[in-house]
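Examining the three-dimensional arrangement
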Amino acid sequence: MDEGASKDIGDSEGEAPAVLLDAETRLHGDDHRAELRLWLRLLTLTNLIESEIRSRLRGAFDVTLPRFDLMAQLEKAPDGLTLGDLSRRMMVSAGNVTGLVERLVQDGLVERRPAPGDRRSALVTLTPEGRAGFEAMAHAHGDWVGDLFAGLSDADIEQLMALLARAKASARAASEAARNAPSIHKEPSNG
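Notes on the structure in this doc start here. (Residues numbered from 1 in each chain as written. Predicted model: local features only at pLDDT ≥ 70, side-chain atom pairs only at ≥ 80, totals over all residues. Heavy atoms only, no water.)

Here we take up the packing of helix α2 (residues 65-75) against helix α3 (residues 83-90). Packing of α2 against α3 leaves a shortest axis separation of 10 Å and a crossing angle of 115°. Here α2 and α3 pass one another in a crossing that is right-handed. The segment α2 lies against α3, with Pro66, Asp69, Leu70, Gln73 and Leu74 engaging Leu86, Arg89 and Met90. For the contact of α2 with α3, the class distribution of residues is five nonpolar, one polar and two charged. (Axes fitted to C-alpha atoms, helices over the stretch in contact; angles between N-to-C directions. Helix = DSSP H or I, 4+ residues; strand = E, 2+ residues; numbered from the N terminus. Left-handed = near helix turned anticlockwise from the far one by under 90°. Contact = heavy atoms within 4.5 Å. Nonpolar A, V, L, I, M, F, W, Y, C, P; charged D, E, K, R; others polar.)

So this is what it looks like as structure tokens:
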């Protein structure tokens, strides 16, 4: 059954059918119903894919998605990244990054060394073992993502990419407009 569809279950004539509801069909009212369903569909898809990738990384490599993500950032920066750079790129707190780096250092997959010209900062890089391990994970990851979208044709993917680019531009424009608009919902000051 399509994720956005509902199913009638009434079995006797004259009886109102019961409707099974999913997150998309539970919405009430007409205001922005299509937009909310779209957002829920995207969120559901994202969560489904992320859960599957997490499970496969854990099963095949005994690694978490955050570790994989951190190693992916380091793979793109062979000269290394500071903890602050990693934090910004991964959009997580510096504390989360520090803990991940510590565990990866203990496992021999990354190393820390003083940043040139700034003794307060350290550069984090993949070790040769970490680079080899990440390459194997990245190859498998690519295959898994391919498997998850195998039901789409090249034309489907191209069309979906174009639509998602428009949706992304729309969301960015609305976000920018909201940041630049005077706030009418500010709390009154107490002083």
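Next comes the rest of the description.
In this structure, Leu57, Leu70, Leu74 and Leu86 are the most contacted members of the largest nonpolar core, which totals 25 residues. Mapped by element, the contributors of at least two residues to this core are α1 (33-61), α2, α3, α4 (94-106), β5 (118-126) and α5 (128-148). Sort the elements by how many residues they give to this core and α2 lands first, with six residues. Residues within four places of Leu70 in sequence aside, it is in contact with Leu86, Met90, Val97, Leu100, Val101 and Leu104. (Core = buried A, V, L, I, M, F, W, Y, C linked by side-chain atoms within 4.5 Å. Buried < 20%, exposed > 50% of the residue type's maximum accessible area, 1.4 Å probe, protein only.)

Overall, the coordinates contain eight salt bridges when judged by the stated rule. Residue Arg54 pairs with Glu50 through a salt bridge whose shortest N-O separation is 2.8 Å. In this pair, Arg54 and Glu50 are both assigned in helix α1, four residues apart and thus about one turn of the helix distant. Judged by relative accessible area, which is 37%, Arg54 ranks as partly exposed. For Glu50, a relative accessible area of 31% corresponds to the partly exposed category. For the salt bridge of Arg67 with Asp107, the shortest nitrogen-to-oxygen distance reads 2.8 Å. Of this pair, Arg67 sits in helix α2 while Asp107 sits in the loop between α4 and β4 (110-115); the two residues are 40 residues apart in sequence, bridging distant segments of the chain. You can call Asp107 partly exposed: its relative accessible area is 39%. Each of the salt bridges in this network shares a partner with another, and the network as a whole consists of Glu52, Arg56 and Asp147. (Salt bridge = Lys/Arg side-chain N within 4 Å of Asp/Glu carboxyl O.)

A few words now on the packing of α3 against α4. Between α3 and α4, the shortest axis-to-axis distance is 9 Å and the interhelical angle comes to 115°. Between α3 and α4, the angle falls in the class roughly perpendicular. Note that α3 runs across α4; the crossing there is right-handed. Listed contacts from α4 to Leu83, Leu86, Ser87 and Met90 of α3 are Ala94, Val97, Thr98, Leu100 and Val101. Partitioned by chemical class, the residues of the contact of α3 with α4 number seven nonpolar, two polar and no charged. (Parallel < 35°, antiparallel > 145°, perpendicular 65-115°, else oblique.)

All right, on to the side chain of Thr125 then. Mapped onto the elements, Thr125 comes out in strand β5. Apart from residues no more than four positions distant in its own chain, Thr125 is found in contact with Leu74, Pro78, Asp79, Gly80, Leu109, Val110, Glu111 and Arg113.

With that settled, consider the sheet that holds β5. With respect to topology, three strands assemble into an open sheet ordered β3-β5-β4, the strand pairing being antiparallel. With partners counted over all chains shown, the strands left at the sheet margins are β3 (81-82) and β4, one partner each. Direction of pairing for β3 relative to β5: antiparallel, over a ladder of two bridges. Residue pairing across strands places Thr82 opposite Leu123, the latter belonging to β5. The sheet contacts of α2 involve β3, β4 and β5, and relative to β5 the element is tilted by about 100°. (Pairing = 2+ DSSP bridges.)

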